[in-house]
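Observations on the model geometry
Okay, here's what each chain looks like letter by letter:
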Amino acid sequence: MKKRVLSLLVDNTSGVLSRVAGLFSRRGYNIDSLTVGETADPRYSRMTVVVNGDEMILDQITKQLAKLVDVVDIKRLEDGESVTRELVLVKIRVDKENRQDVVSITNIFRANIIDVGVDSLIIELTGTQSKIEAFINLLEEYEILELARTGMTGLSRGAEDVRYL
């Protein structure tokens, strides 16, 4: 199984997300991560879709996405040729004895403590998926009360393959 990260430029109209997600569900494919946001041009949105499968399935997914009327452009975000990031918010139960340990781990990962409660901290971390996973693994010895991840988003490096509309 291979992971493929696709960056889709789509029309910013209602129902586009449903049509893209429907393409996957109709064919029995799973979406590992999906992020969507408006671009600098409000007529378009960028979707970053992460999927897993063998080469034949991944090529089929890409071809099917290209057939959708709302899809303007598709790019594969390859390792080394793109920049990808994910955001995670983690709420951890802390007491006086372990608060400093959690703060130390947060500092090592260059994360931010964005909320402090009497018995909890909320930490924000942005980074690659492997950095996020390593951070969460270190926090497993503490009680994670809540966790929210945005999913991967990214852009290709350089200006050569930018699509001007």
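This text gives an overview of the structure that appears in the document. Predicted model only: the values in this text are computed from it and were never measured. What you see as residue numbers is a count from 1 along each chain, following the sequence as written. Where totals are concerned, whole chains, interfaces and linings use all residues; where local detail is concerned, this predicted model gives features only for residues with pLDDT of at least 70, and gives and counts side-chain atom pairs only at 80 or more. Calculation of side-chain values draws on the structure's entire complement of heavy atoms; hydrogens and water are dropped beforehand.

**Focus on the side chain of Asn 98**
Selection rule: Where helices and strands are cited, they refer to DSSP runs of H or I of at least four residues and of E of at least two residues respectively, numbered from the N terminus. The contact criterion used is simple: two residues touch if any of their non-hydrogen atoms lie within 4.5 Å.
Considering the arrangement of structural elements, one finds Asn 98 in the loop between β5 (82–93) and α3 (99–108). Discounting chain neighbours no more than four positions away, the residues touching Asn 98 are Arg 93 and Tyr 142.

**Quick word on the nonpolar core**
For the record, the criterion: Joining through side-chain atoms within 4.5 Å is the link that ties buried Ala, Val, Leu, Ile, Met, Phe, Trp, Tyr and Cys residues into a set, and such a set is a nonpolar core. Each residue is placed in one exposure class: buried if its accessible area under a 1.4 Å probe, protein chains only, is under 20% of its type's maximum, exposed if it is over 50%, and partly exposed if it falls in between.
Ile 92, Val 102, Leu 125, Phe 135 and Leu 139 are the most contacted members of the largest nonpolar core, which totals 17 residues. For this core, the leading source of residues is helix α4 (residues 129–139), giving four residues. Beyond its immediate stretch of four places on either side in the chain, Phe 135 contacts Val 90, Ile 105, Thr 106, Phe 109, Ile 123 and Leu 125. Counting 15 residues, the second-largest nonpolar core is a separate cluster that includes Leu 6, Leu 8, Leu 58 and Val 71.

**Describing the packing of helix α1 (residues 16–26) against helix α2 (residues 55–67)**
Quick reminder of the rule: The axes used here are C-alpha line fits, helices contributing only the stretch in contact, and every angle between their N-to-C directions lies in the interval 0 to 180 degrees. Each crossing gets its hand from how the near helix is turned against the far one by less than a right angle, where anticlockwise is left-handed and clockwise is right-handed.
Two elements in contact, α1 and α2, have axes whose closest approach is 11 Å; the angle formed by their N-to-C orientations is 145 degrees. In the packing of α1 onto α2, the handedness of the crossing is right-handed. Together, Val 20, Leu 23 and Phe 24 of α1 and Ile 61, Gln 64 and Leu 65 of α2 make up the contact between the two elements.

**Quick word on the pattern of salt bridges**
Using the following cut-off: Salt bridges are defined by distance alone: a side-chain nitrogen of Lys or Arg within 4 Å of a carboxyl oxygen of Asp or Glu.
Overall, the coordinates contain eleven salt bridges when judged by the stated rule. With a shortest N-O distance of 3.8 Å, Asp 119 and Arg 93 are connected by a salt bridge. Of the two residues, Asp 119 sits in the loop between β6 (112–116) and β7 (120–127) while Arg 93 sits in strand β5, which places them 26 residues apart along the sequence. The class of Asp 119 is partly exposed, set by a relative accessible area of 41%. Linked by salt bridges that have partners in common, Lys 2, Arg 4, Glu 55 and Asp 59 make up one network.

**Observations concerning α4**
Threshold: Throughout, the arc means the angular range of directions from the helix axis out to the C-beta atoms.
The set of residues buried in α4 consists of Ile 132, Phe 135, Ile 136 and Leu 139. Angularly, the buried residues of α4 cover 95 degrees about the axis, an arc narrow enough to put them on a single face. Summarising the contacts, the buried residues of α4 are in contact with β5, α3, β7 and β8 (143–149).

**Some remarks on the sheet that holds strand β4 (residues 71–76)**
Put simply, the rule is: The criterion for strand pairing is that DSSP finds at least two bridges linking the strands in question.
With antiparallel pairing, four strands are arranged side by side in an open sheet as β2-β3-β1-β4. Of all the strands in the sheet, just β2 (31–38) and β4 have a single pairing partner and so form its edges. With direction set aside, neighbouring strand axes in the sheet form an average angle of 20 degrees. Relative to strand β1 (residues 2–11), α2 is tilted by about 0 degrees, and along the sheet it contacts β1, β3 (44–53) and β4.

**Notes on unusual backbone geometry**
Residues other than glycine seldom take positive phi values, yet Arg 110 does so here, at roughly 55 degrees. You can see Arg 110 is positioned in the loop between α3 and β6. Judged by its relative accessible area of 73%, Arg 110 is exposed.

**A short note on the pairing of β6**
As paired strands, β6 and β7 are joined by four bridges and run antiparallel to one another. Across the sheet, the residue bridging to Asn 112 is Glu 124, located in β7. Hairpin connection between β6 and β7: a loop of three residues separates the two successive antiparallel strands.

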